Structures are given as structure tokens and as C-alpha cells.
Amino acid sequence: MKNKLSAPYKAIFESFLKYKHPQVSAQGFETARKMSLAVLAWHQEKALLPEQVTVKDAMQFKTDVSRRKTKSGALISKGTIQNYLKAARSIYSFLLMTEAVQSNPFSEVEYPQAGSHISRNVLTESQMNRLLASLERFDMIQNRRKKSRRYTSHVLAEFLYATGLRIEEASRLIESDIDTVHRYVYVRNGKGGKPRTAFLNGYAADVMKLYLKKGKRIADGVIYGERRNTVFSTEKNVLAELFNREIREVCTELEIPVITSHGFRHSLGTHLLRAGCDIRTIQVILGHEKLSSTQIYTRVYSDDLKKSIDEYHPRQHIRIERHGQQ
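Residues numbered from 1 in each chain as written. Predicted model: local features only at pLDDT ≥ 70, side-chain atom pairs only at ≥ 80, totals over all residues. Heavy atoms only, no water.

(A) Just the environment of R274, in detail. By secondary structure assignment, the location of R274 is in helix α10 (residues 261–274). Considered as a pair, R274 and E125 are 149 residues apart in the sequence and their alpha carbons are 9.7 Å apart. (Helix = DSSP H or I, 4+ residues; strand = E, 2+ residues; numbered from the N terminus.)

Structure below.
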């Protein structure tokens with residue numbers, strides 16, 4: 001798919017983004033930009049204007065994107081295909097609203113069932129404790145730059161695991177957004193552009209208090225070049241890259257599954273559920289607008305329970321070989 005749009009498609013692209021911008025976060029807007037660009041590039045490649053597109057064309061779009069490959073040569077995931085279709089459906093909803101089209105052909109196209117991959121990005125409680133304990137030993141590192149990176153990763157890991165914030169939400173925080181006394185974190189622009197309040201546990205509040213008072217100033221001078229006036233000093237992509245690199249290194253050393261920054265959020269939701277926390281409380285803690293987003297953790301928990309039954313049930317080794325014999 002080409003990504004340079006000619007006049008009619010470019011006009012739709014720009015109008016759609018102008019409409020979408022106030023509705024989503026910065027990360028959501030970037031995703032919308034990339035996906036809508038790909039959708040309209042497909043239209044241009046097929047020489048189809050939106051008012052000409054039929055349900056059959058929309059089905060062909062689904063087929064075409066499902067054949068796309070990642071940089072490694074593997075087919076894109078069902079979740080990515082779903083995102084393309086959501087983008088197409090969103091564009092046509094906008095065009096329908098502005099009366100540029102008479103119908104939304106993509107509303108008739110079913111999304112592929114992506115399933116849940118959360119369990120790949122979740123640690124057990126024991127594994128998480130080992131990871132956090134290892135990060136806490138940053139002062140044993142001799143190299144000053146490496147020590148600063150590990151210290152910042154220690155602070156961010158405790159912060160993410162306490163609050164359940166997304167890395168982008170954390171990257172936009174300023175110091176006045178964090179109240180370490182009352183243990184509140186004010187997320188002014190969360191997912192979907194909506195504000196919410198997150199919460200710190202006692203230990204994470206103490207870690208953040210020391211970091212903001214002294215540690216941040218020392219770490220900033222070692223790790224970052226150009227700095228921003230934010231709690232973690234740099235924009236989301238740089239912060240995520242540095243953090244994920246440190247986490248990957250420590251997870252590998254500990255011989256536990258490698259998780260990303262988002263794995264702290266997933267782990268928090270799963271651990272709270274296993275500890276008996278009410279699903280609606282978890283919804284508030286994680287800032288999910290819909291309960292269905294939180295219920296994915298119940299599916300992961302169910303998988304854990306089924307594995308436990310398979311492993312520990314007294315009749316796990318009984319076979320059905322004698323059944324049917326008279």
C-alpha cells in the first residue's frame with residue numbers, strides 16, 4: 001500500500017484527523033493517523049472513492065490487509081487486522097455523519113477473533129517480586145550511567161505496578177500531578193483524552209517522594225540529553241525503549257518471562273483479581289471505560305485455574321482406555 005495520498009483522499013484524511021483529534025490521546029491519535037492513512041491508501045490503490053465502495057469491496061480490503069506481513073516476514077496478527085477494520089469503519093462513520101456517503105459498508109464486515117494475549121505479558125506474583133527486588137538493587141552497579149538507568153527503571157517499575165498507568169500516561173505527568181502525601185496521581189489526559197485519578201501504594205509513594213526530591217535530578221543529568229519538564233523527563237517512545245531494554249535484561253538474568261512496560265499494568269490487573277479484588281474496583285483502578293475491557297483478566301485467571309485443575313486434580317492421570325469395554 002502506498003502512503004502518499006492524492007487530492008481527494010488527502011482531503012478525507014485531513015478532515016477525518018481534524019474530527020478525531022479531540023477525541024483521543026496522543027498515542028491514540030498517532031494510531032488513528034497511521035491506520036486511516038493505510039485505509040485511504042488502499043482506496044487510492046484500487047481507484048475507489050468512498051461513495052463507490054460496496055460491502056464486497058470492504059470484504060476485499062479485509063482479505064488484502066490479512067495478507068500483509070511484519071518486518072520479520074510473519075503475517076500480521078488478527079488484532080492488527082481488527083485495527084485496520086476499526087479504522088475503516090471509523091472513517092466511514094465520519095463520512096456518513098457528514099453525509100459524504102450513504103452507508104457504511106465496513107459495518108457489515110466481521111472482525112477476526114483476536115483472542116487474548118495478555119498472559120504472554122504477565123508475570124506471576126513471585127516473578128514480579130523477584131523482578132522488583134532486582135531493580136531495587138541498582139546501587140550495586142558500579143557504572144554511573146548504568147546505575148542511573150537501573151535506578152530510573154526501578155522507580156518507573158514500582159510506579160507502573162502500583163498505579164496501572166500506561167507508559168504514555170506516565171510519560172506526560174508533571175510533578176504537580178503526583179501527590180505522594182495522599183497517594184494520588186492525577187492523569188489529566190488518559191486514554192480517549194479523559195482525565196482520571198490513579199493511586200499509589202505506600203511503598204511506591206515513598207519511592208516517588210525520594211525520586212522527585214533528589215533522585216530525578218541526578219538521573220536526568222546522566223541518562224538524557226534534551227530533557228522535558230515531566231516526571232520521567234523524556235517523551236514516551238524514548239522512555240519506553242530505555243525502560244523495556246532494562247526490563248528485558250533483568251528478566252533474562254532472572255530467567256523469568258520477559259515483559260514490557262504494559263506488562264506491569266496487565267500483571268496488576270491479574271494479581272488484584274487473584275487476590276480477591278472486585279472486578280469493578282479493578283476497572284476503576286485501571287481506568288477502563290468499559291467493564292468488558294477489565295473482564296479479559298477473568299479469562300486469564302480462568303486459564304490459570306484450568307491449568308491448576310489439570311496439574312493437581314487427583315484424577316489427572318486417569319485415562320479413558322477401559323471405557324466402552326463390556
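Further notes follow.
(B) Focus on a positive patch on the surface. Positive charge collects at one region of the surface, where K209, K213, K214 and R217 lie side by side. Here K213 is to be found in helix α8 (residues 202–223). (Patch = residues over 30% accessible without salt bridge, like charges linked within 9 Å, V, L, I, M, F, W, Y side chains within 5 Å. Areas by Shrake-Rupley, 256 points an atom, 1.4 Å probe, with all protein chains shown as cover. Salt bridge = Lys/Arg side-chain N within 4 Å of Asp/Glu carboxyl O. Lys, Arg positive; Asp, Glu negative; His and termini not counted. Charge placed at Lys NZ, Arg CZ, Asp CG, Glu CD.)

(C) A look at unusual backbone geometry. Backbone geometry places A47, a non-glycine residue, at a positive phi of 55°. Note on placement: A47 falls in the loop between α2 (26–45) and α3 (55–66). Of note, the phi angle at S233 is positive, near 70°, even though the residue is not glycine.

(D) Representation of the pattern of salt bridges in the model. Per the counting criterion, the structure on display carries 14 salt bridges. Among the ionic pairs, K34 bridges to E30, the shortest N-O distance being 4.0 Å. One end of the pair, K34, and the other, E30, are both in helix α2, four residues apart, so they sit about a helical turn from each other. E168 serves as the salt-bridge partner of R172, at 2.9 Å between the closest nitrogen and oxygen. A network of salt bridges, in which partner residues are shared, links K146, R149, R150, E246 and E249.

(E) A look at the pairing of strand β3 (residues 196–199). Side chains R196 and A198 of β3 all project onto a buried face; the interleaved residues T197 and F199 project onto a face where none is buried. One ladder, built from four bridges, connects strand β2 (residues 184–187) with β3; its direction is antiparallel. Its bridge partner being in β3, V187 is matched across the sheet by R196. (Buried < 20%, exposed > 50% of the residue type's maximum accessible area, 1.4 Å probe, protein only. Pairing = 2+ DSSP bridges.)

(F) Looking closely at helix α6 (residues 144–163). Taking 1.5 Å per residue, 20 residues should reach 28 Å; α6 reaches 29 Å between its end C-alpha atoms and fits that length. Most of α6 is tucked away, with 16 of its 20 residues classed as buried. At the N-terminal end of α6, a side-chain oxygen is found 3.1 Å from the backbone nitrogen of R145, two or three residues along, and the residue is N143. Looking one or two residues past α6, G164 carries a phi angle of roughly 75°, positive in sign. (Expected span 1.5 Å × (residues − 1). Polar contact = N/O pair within 3.5 Å; in protein donor to acceptor, adjacent residues only side chain to side chain.)

(G) Just the nonpolar core, in detail. Core analysis: the largest hydrophobic core is formed by 48 residues, its most contacted members being L131, F159, M208, F232 and F264. Those elements giving two or more residues to this core turn out to be α5 (125–136), α6, α7 (167–171), β2, α8, α9 (236–254), α10 and α11 (279–286). At eight residues, α6 tops the list of elements feeding residues into this core. (Core = buried A, V, L, I, M, F, W, Y, C linked by side-chain atoms within 4.5 Å.)

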